[in-house]
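# Structure assessment
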Amino acid sequence: VQLQASGGGLVQAGGSLRLSCTASRHIGGIGALGWYRQAPGKQRELVASITAGGSTIYNDSVKDRFTISRNSAKNTLYLQMDSLKPEDTAVYYCKFTVAGSGYIYWGKGTLVTVSS
């Protein structure tokens, strides 16, 4: 199974992007899904996560600007990013976790660049 992330690109500060992450085939027993990001010279950090039941967690730096959602039937994860800031510039990675086993799938990442 591969995760394909898309939707990244170059945007001006204040703009919006919508990231998507889709599994190459159905993954049974998917639990929590998440978006992470890694800026140059920094460690990878959690941006947002969503449980199978729809509960969400956001990094304080993106609260009220980003919205995570999922379509379990389509094995797809989304991240709506509004009011983007230059400090949001990073490679964004999606992560799928299988409930029970805890097995983790990572996407290859999509680059988001926000210009000032």
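The following paragraphs examine the structure supplied in this document.

Along the protein chain, the regular secondary structure elements total zero helices and eleven strands. Reading the secondary structure of the protein chain in the N-to-C direction produces β-β-β-β-β-β-β-β-β-β-β. Relative to its length of 116 residues, the protein chain is compact, with a C-alpha radius of gyration of 13 Å against a globular reference of 13 Å. The principal-axis extent of the C-alpha atoms belonging to the protein chain is close to 40 × 25 × 25 Å. In the protein chain, which comprises 116 residues, the proportion classed as buried is 42%.

Attention shifts here to the pattern of salt bridges. One pass over the full model with this rule turns up four salt bridges. E45 serves as the salt-bridge partner of R37, at 2.8 Å between the closest nitrogen and oxygen. Taking relative accessible area as the criterion, R37 reaches 6% and is therefore assigned buried. Here R65 ties to D88 by a salt bridge, and the two come within 2.8 Å at their closest N and O atoms. Of this pair, R65 sits in the loop between strand 6 (56-58) and strand 7 (66-71) while D88 is found in the loop between strand 8 (76-81) and strand 9 (90-98), placing the two residues 23 residues apart along the sequence.

Attention now goes to the state of the cysteines. Counting across every chain of the model gives one disulfide. Here C21 connects covalently by a disulfide to C94, the sulfurs 2.0 Å from one another. Between C21 and C94, the S-S torsion sits near 55 degrees, and that sign places the bridge as right-handed. Here C21 is found in strand 3 (residues 17-23), whereas its partner C94 is found in strand 9, with 73 residues between them in sequence. Using a relative accessible area of 0% as the deciding quantity, one classes C94 as buried.

Attention now goes to the pairing of strand 7. The two faces of strand 7 differ: F66, I68 and R70 on one face are buried, but T67, S69 and N71 on the other face are not. Counted between consecutive antiparallel strands, the loop separating strand 7 from strand 8 contains four residues, among which N75 sits at a positive phi close to 50 degrees.

Taken in spatial order, the four strands line up as 1-3-8-7 in an open sheet, and their pairing is antiparallel. If you trace the sheet from one side to the other, it starts and ends with strand 1 (3-6) and strand 7, each paired once. Adjacent strand axes in the sheet meet at a mean angle of 15 degrees when their direction is disregarded. Sheet analysis places strand 7 next to strand 8, joined by six bridges and oriented antiparallel. Counterpart to R70 in the pairing with strand 8 is L77.

Let us now look at the nonpolar core. Generally speaking, nonpolar side chains in soluble globular proteins are found buried as a group. In this structure, W35, L77, L79, M81, Y92 and F96 are the most contacted members of the largest nonpolar core, which totals 31 residues. Where this core is concerned, the elements lending two or more residues are strand 1, strand 3, strand 4 (30-38), strand 5 (45-50), strand 7, strand 8, strand 9 and strand 11 (110-115). Counting residues per element, this core draws most heavily on strand 9, which supplies five residues.

Rules and cut-offs
Residues numbered from 1 in each chain as written. Predicted model: local features only at pLDDT ≥ 70, side-chain atom pairs only at ≥ 80, totals over all residues. Heavy atoms only, no water. Helix = DSSP H or I, 4+ residues; strand = E, 2+ residues; numbered from the N terminus. Rg over C-alpha atoms; globule rule 2.2 N^0.38 Å. Buried < 20%, exposed > 50% of the residue type's maximum accessible area, 1.4 Å probe, protein only. Salt bridge = Lys/Arg side-chain N within 4 Å of Asp/Glu carboxyl O. Disulfide = S-S within 2.5 Å. Pairing = 2+ DSSP bridges. Axes fitted to C-alpha atoms, helices over the stretch in contact; angles between N-to-C directions. Core = buried A, V, L, I, M, F, W, Y, C linked by side-chain atoms within 4.5 Å.

These figures come from the coordinates and say nothing about function on their own.
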